[in-house]
Amino acid sequence: MRTPAELGVLMPGLLEVLAHLNVGVLVVVDRGEGHELERWYANEPSASILGYTLEELANVRPVDTVIPEQRPVVRNLITGFRHGHPVPPALELTGLHKDGRQIPIEIAIGSARAEGMAMYILVMRDVGLQSSQLSLLEADRISLVGALAAGFAHEINNPLTSVLLNLRSLRKQLHANLPEPVQATALRCLEDVTTGAERIASNVRALQTLVTRSGTQEIDLATVVASSLRLAAPTLEPCARVIRQIYPVRPVLGEESRIGQAVLAMLLFSSSGFDPESTVTTNVITVSVGERRDMIVVEVSDNGRDLTRDEARRAFDPFFRSHVRGAGVGVGLGVARSVAAAMGGEVSLAPRVGGGAVITMQLPPHAS
């Protein structure tokens, strides 16, 4: 363990390494209600990512470095932190460059409180600058899998489109040329083949949506959850019976691929809570989408094993693993919390009455 004096000597060296890697470091202070956020420290990369010099950045309010559409979200997050809401380990926001360009920025957050104020240490990087990213092995693997999945989906989609077109043409030919006595049987076989091909096409579209970045837009959360359930079905169905309670809801504003990833993380975390030796017929995962207290709510509950104290405390840590929940997945609920927080919402985890766990994501509806 280092002494405070030794840490004081090491800190400049650490900041120098981060600057060399083009990683921005900011220290922001919140003095409470009625006060604007104060920027206490910024390094050169944090300013250059946004197109400023350090001297210029000093005259720009922290909240003004994100696009106008996300400033209410940032203010709501700060208000929530003041009232004890958890600080997500990471956020993805869209920064506003000095020249007006929009820049996707990934921010890792640490926080501390002292003397009635809160201090936030932000480590930021421009995710659009591939050559200067601070890469972690786990992040690289996830990116690699995403790239392979996108390519694989594309390769499936091309021949599948041809198959579906030919099936439609074949249906017309059967109607026109096949004798009536055998036509019904042949058409039933054709319908079975067509249904299977269309199901594959639907899953490929869901996979492409999940791995492809898109702009912020109005999203039908019920549709996103249904797509995520299709992708997660091979993992969910062998371990539990899935009950869907999905109702029409107002749209939310966000990035469809990110919301899909958040929902998928919730589903996988829930499915990992069952004893491998338990009976599938008694295992239940309930997935619901609805509106509650003027928020759009996605809830995933299960009757699996109870949460341990460590799981309840650390489930939102990046790459969380335990011997039970999250085992073999390596992705905790941190991604879900980060996505929801960037949209002005929240994700919570609680024990389920009667055993198991309940994961709840709440997002504000978009006022069109």
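Our subject in this report is the structure included herewith. (Residues numbered from 1 in each chain as written. Predicted model: local features only at pLDDT ≥ 70, side-chain atom pairs only at ≥ 80, totals over all residues. Heavy atoms only, no water.)

### Description of the overall build of the chain
So the rule is basically this: Numbering goes from the N terminus for both helices and strands, where a helix is a DSSP run of H or I of at least four residues and a strand is a run of E of at least two. The contact criterion used is simple: two residues touch if any of their non-hydrogen atoms lie within 4.5 Å. The Shrake-Rupley method, run with a 1.4 Å probe, gives the accessible areas here. Residue values count only the displayed protein chains as cover.
Helix and strand counts for the chain stand at ten helices and twelve strands. Intrachain contacts of the chain at a sequence separation of at least 6 include 61% that bridge at least 24 residues. Counting only carbon and sulfur atoms, one obtains 58% of the accessible surface of the chain, whose full area is about 20000 Å².

### Structural notes on the packing of helix H7 (residues 221-236) against helix H8 (residues 256-271)
Selection criterion: In this analysis, axes come from line fits to C-alpha atoms, helices being fitted only over the stretch in contact, and the angle between any two N-to-C directions falls in the range 0 to 180 degrees. Any angle from 65 to 115 degrees is called roughly perpendicular, while one under 35 is roughly parallel, one over 145 is roughly antiparallel, and all others are oblique. By definition, turning the near helix anticlockwise from the far helix through less than a right angle yields a left-handed crossing, and turning it clockwise yields a right-handed one. In this count, Pro and Cys sit with the nonpolar residues alongside Ala, Val, Leu, Ile, Met, Phe, Trp and Tyr, while Asp, Glu, Lys and Arg are called charged and the others, Gly among them, polar.
Where H7 contacts H8, the axes come no closer than 9 Å and their chain directions differ by 45°. The angle between the axes of H7 and H8 places the two elements in the oblique class. At the point where H7 passes H8, the crossing takes the right-handed sense. Contacts from Leu221, Val224, Val225, Ser228, Leu229, Ala232, Thr235 and Leu236 of H7 reach H8 at Glu256, Ile259, Gly260, Val263, Leu264, Leu267, Leu268 and Ser271. Looking at side-chain class alone, the contact of H7 with H8 contains eleven nonpolar, four polar and one charged residues.

### As for the packing of aromatic side chains
The condition that has to hold: Classification of ring pairs rests on two measures: the distance between centres of Phe, Tyr or Trp rings, Trp counted by its six-membered ring, which must be within 6.5 Å, and the angle between planes, read as stacked under 30 degrees, edge-to-face over 60 and tilted in between. When a residue's accessible area, from a 1.4 Å probe over protein chains only, is under 20% of the maximum for its type it is buried; when over 50% it is exposed; and in between it is partly exposed. Consider the ring centre and the ring normal. A charge sits over the ring if Lys NZ or Arg CZ is within 6 Å of that centre and within 35 degrees of that normal.
Within this structure, the stated rule accounts for one aromatic pair. Between phenylalanine 81 and tyrosine 120 the ring centres are 5.7 Å apart and the planes differ by 45°, which places this aromatic pair in the tilted class. With phenylalanine 81 in helix H4 (residues 71-82) and tyrosine 120 in strand S5 (residues 117-126), this pair connects stretches of sequence that are 39 residues apart. This pair shows no difference in class: phenylalanine 81 is buried, exactly as tyrosine 120 is. Geometry around phenylalanine 316 places arginine 337 over its ring, the cationic atom sitting 3.5 Å from the centre.

### With respect to the pairing of strand S3 (residues 90-96)
Rules: Between any two strands, at least two bridges found by DSSP are needed for them to pair.
Examined bridge by bridge, S3 and strand S4 (residues 102-114) share seven bridges and lie antiparallel to one another. By the bridge assignment for S4, threonine 94 is matched with proline 104. Hairpin geometry of S3 and S4 is characterised by an intervening segment of five residues between the two adjacent antiparallel strands and by a positive phi of about 100° at glycine 100.

### Things to note about the sheet that holds strand S9 (residues 284-292)
Reading across from one edge, S7-S9-S10-S12-S11 is the order of the five strands in this open sheet, with mixed pairing throughout. Of all the strands in the sheet, just strand S7 (241-246) and strand S11 (346-351) have a single pairing partner and so form its edges. Neighbouring strand axes in the sheet, compared pairwise and without regard to direction, differ in orientation by 15° on average. Pairing analysis gives seven bridges linking strand S10 (residues 295-302) to strand S12 (residues 357-363), with the strands arranged antiparallel. Each residue of the ladder has a partner; that of serine 301, found in S12, is valine 358. Its contacts with the sheet put H7 on S7, S9, S10 and S12, and the angle it makes with S7 is roughly 175°.

### Notes on the environment of isoleucine 156
Within the secondary structure, isoleucine 156 is located in helix H5 (residues 137-177). The sequence separation of isoleucine 156 and valine 204 amounts to 48 residues, and the corresponding C-alpha distance is 7.6 Å. Residues in contact with isoleucine 156, not counting those within four places in the same chain, are Ile200 and Val204.

### Considerations on the pattern of salt bridges
Put simply, the test is: Here, a salt bridge means any Lys or Arg side-chain nitrogen found within 4 Å of an Asp or Glu carboxyl oxygen.
Applying the stated criterion across every chain yields a total of 14 salt bridges. Between arginine 171 and glutamate 191 there is a salt bridge, and its shortest N-O distance comes to 3.0 Å. Note that arginine 171 is positioned in helix H5 and glutamate 191 in helix H6 (residues 180-211), a separation of 20 residues in sequence. Overall, glutamate 191 belongs to the partly exposed group, its relative accessible area being 36%. Two residues, arginine 292 and glutamate 299, come together in a salt bridge whose shortest N-O distance is 3.6 Å. You can call arginine 292 partly exposed: its relative accessible area is 31%. Here the residues in one salt-bridge network are Glu36, Arg61, Asp64 and Arg71, joined through shared partners.

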